[in-house]
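Summary of structural features
One letter stands for each residue in the lines below.
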Amino acid sequence: MIRLDPGRPDVAEIRRAAEVIRAGGLVAFPTETVYGLGADGLSASAVGRIFAAKGRPQDNPLILHVATPEDAHRVVLGVPPLAQALMERFWPGPLTLVLPKRPEVPDEVSAGLATVGVRMPDNTIALTLIAESGVPVAAPSANVSGRPSPTSADHVIADLAGKIEMVLDGGPTTVGVESTVLDMTSSPPKVLRPGGVTVEELEQVLGDVAVASADFVAMGPVGPVPSPGMKYTHYAPKTPVVLVEGEMGAVANRILREVQARHAAGERAGVMCSRETEALYAGHADVVRVAGSRQDLSTVAAALFATLRLFDTDGVDVVFAEGFDQAGLGFAIMNRLRRASGGRIIHAHVESDVDVI
Ligand code: TXA
Ligand code: MG
């Protein structure tokens, strides 16, 4: 593992990492969203090693990372005006654009699709690595498939030590949820995965934005699979997560009741909550972890995956996670929580729950 100053990284170290990429090796590196597991995006064999290291299903395509908007032209057939406008507004940043791919992009990257996802990350280490590699860098999140995405180099090591050549440690990532994946081949463009750029922000540029069906975005496919990654269980710690959605007071009451029931059954229960509700669980739940503040959902996004991972070391039998409002970044946060829960979702209602506690 190589430690770098995120603001002024040692370029000589990054050049060594770039050589590893050019030689067909795997380098984990920080982006503003999560750590990526990078390989030469034009080499089928290098990309094949990504799938092997992660245990990733072959039919889940990878995102190509570029160092400048111009470099996107190396991997996509054309950049239509709307895509150009989005690049100008959101790149570098957490937005992946899905566009028809050039034939040079190996089928292994696109998992056989005619399109490829491309993005320019907002992180100096990442941009230097990509530029020094001289190739588009294919990079999924640097976790074992199905686990919460890594937001620190330690998470990468925990999942992938011994399976990859190098980890560039640039400290914790800032956004904390992955990029928004936007299909530019449909009209209006369609959000396939909610992420760091919100639907509201996209609407400011596009006017109209479609969102892959709520059920699909929440849990996986209900029909054809526009974004293969959405059909797999994801983001899950080893400890089962139960998501409790609804109005804040009802959620807290319901979680307290569920914790009591678990205690009665001889189990230990953890709670993942907000700064605003933390005090309600003190003395009730066995472990209480605060993901962030409801007043600023960027704090929740930033801490979400790290917090989920921490519960695995707490020795609890179950984690009850509070839901958040769906507006803005809340959409991406709720998408990750729903999928981390694997469908264990309780809808708390004021009427049925308010009298209980
Ligand atoms: O923020 C991010 O996007 C991070 C960092 C490392 O850049 N990367 C990331 O990659 O989250 P990954 O592989 O974990 O997730 C990529 C998602 C998957 O859901 C995949 O199915 C979808 O993007 N995807 C990639 N290419 C696609 C394509 N051509 N069409 C539809 N969906 C695509
Ligand atoms: Mg991933």
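Structure shown above.
In short, a report on the structure. (Residues numbered from 1 in each chain as written. Chains lettered and ligands numbered in written order. Predicted model: local features only at pLDDT ≥ 70, side-chain atom pairs only at ≥ 80, totals over all residues. Heavy atoms only, no water.)

**What about helix 5 (residues 124-133)?**
Most of helix 5 sits out of view: 7 of its 10 residues are buried. Of all the positions in helix 5, only Ile-125, Ala-126, Leu-127, Thr-128, Leu-129, Ile-130 and Ser-133 are classed as buried. Those residues of helix 5 hidden inside the fold are in contact with helix 1 (11-22), strand 2 (27-29), strand 4 (63-65), strand 7 (137-138) and strand 8 (166-169). (Buried < 20%, exposed > 50% of the residue type's maximum accessible area, 1.4 Å probe, protein only. Helix = DSSP H or I, 4+ residues; strand = E, 2+ residues; numbered from the N terminus. Contact = heavy atoms within 4.5 Å.)

**Brief notes about the sheet that holds strand 8**
An order of 1-8-2-3-7-4-6-5-9-10-11 is seen for the 11 strands of this open sheet, with the pairing classed as mixed. Either end of the sheet is taken by a strand with one partner, and the two such strands are strand 1 (2-3) and strand 11 (210-211). In this sheet, strand 11 lies alongside strand 10 (residues 190-193) in parallel orientation, the contact comprising 2 bridges. Residue pairing in the sheet places Val-191 in a bridge with Val-211 of strand 11. Strand contacts of helix 6 (residues 153-160): strand 2, strand 3 (36-40) and strand 8, with the helix running at about 160° to strand 8, the strand carrying the most contacts. (Pairing = 2+ DSSP bridges. Axes fitted to C-alpha atoms, helices over the stretch in contact; angles between N-to-C directions.)

**Remarks on the nonpolar core**
If you look at soluble globular proteins, the nonpolar side chains tend to sit buried side by side. Of all hydrophobic cores here, the largest spans 47 residues; its most connected members are Leu-97, Leu-182 and Leu-202. Here this core takes 5 residues from helix 2 (residues 44-54), the largest share from any one element. Those residues in contact with Leu-202 that sit more than four places away from it in its chain are Leu-86, Phe-90, Leu-95, Thr-180, Leu-182, Val-191, Val-197, Gly-207 and Val-209. (Core = buried A, V, L, I, M, F, W, Y, C linked by side-chain atoms within 4.5 Å.)

**Details of the sheet that holds strand 14 (residues 287-292)**
The 5 strands are arranged 14-13-15-12-16 in an open sheet whose pairing can be described as parallel. Of all strands in the sheet, those bounded by a partner on one side alone are strand 14 and strand 16 (345-347). Each strand axis lies, on average, 20° off the axis of its neighbour in the sheet, ignoring direction. Bridge count for strand 12 (residues 241-245) against strand 16 is 3 bridges, and the pairing is parallel. Bridging across to strand 16, Val-244 finds its partner in Ile-346. Across the sheet, helix 11 (residues 297-311) is in contact with strand 12, strand 13 (269-274), strand 14 and strand 15 (318-322); its angle to strand 14 comes to roughly 155°. Strands strand 12, strand 13, strand 15 and strand 16 of the sheet are contacted by helix 12 (residues 330-340), whose axis makes an angle of about 135° with strand 12.

**Structural notes on the packing of aromatic side chains**
Tallied over the entire structure, the rule returns 1 aromatic pair. On the basis of an interplanar angle of 20° and a centroid distance of 5.3 Å, the ring pair of Tyr-235 and Phe-305 is categorised as stacked. In this pair, Tyr-235 is assigned in the loop between helix 8 (214-219) and strand 12 and Phe-305 in helix 11, connecting sequence segments 70 residues apart. Overall, Phe-305 belongs to the buried group, its relative accessible area being 0%. (Phe/Tyr/Trp six-rings, centres within 6.5 Å; stacked < 30°, edge-to-face > 60°.)

**Regarding the pairing of strand 13**
Sheet faces and side chains relate simply in a regular strand, where the side chains alternate between the two faces. When you tally the buried positions in strand 13, you get 6 out of 6 residues, the bulk of the element. Along strand 13, one buried face is formed by Ala-269, Val-271 and Cys-273 and the opposite face, lined by Gly-270, Met-272 and Ser-274, is buried too. Sheet topology note: the strand 13/strand 15 ladder contains 4 bridges and is parallel. Within strand 15, the residue paired with Met-272 across the bridge is Ala-321. Bridge count between strand 13 and strand 14: 5 bridges; the pairing is parallel. Along strand 14, the bridge assignment pairs Met-272 with Arg-289.

**Looking at the pattern of salt bridges**
On inspection of all chains with the given rule, the structure shows 17 salt bridges. For Arg-16, the salt bridge goes to Glu-13, with nearest N and O atoms at 2.8 Å. Of this pair, Arg-16 and Glu-13 both sit in helix 1, 3 residues apart, roughly one helical turn. Measuring nitrogen to oxygen at the nearest pair gives 3.3 Å for the salt bridge that ties Glu-104 to Arg-102. The class for Arg-102 is partly exposed, based on a relative accessible area of 28%. (Salt bridge = Lys/Arg side-chain N within 4 Å of Asp/Glu carboxyl O.)

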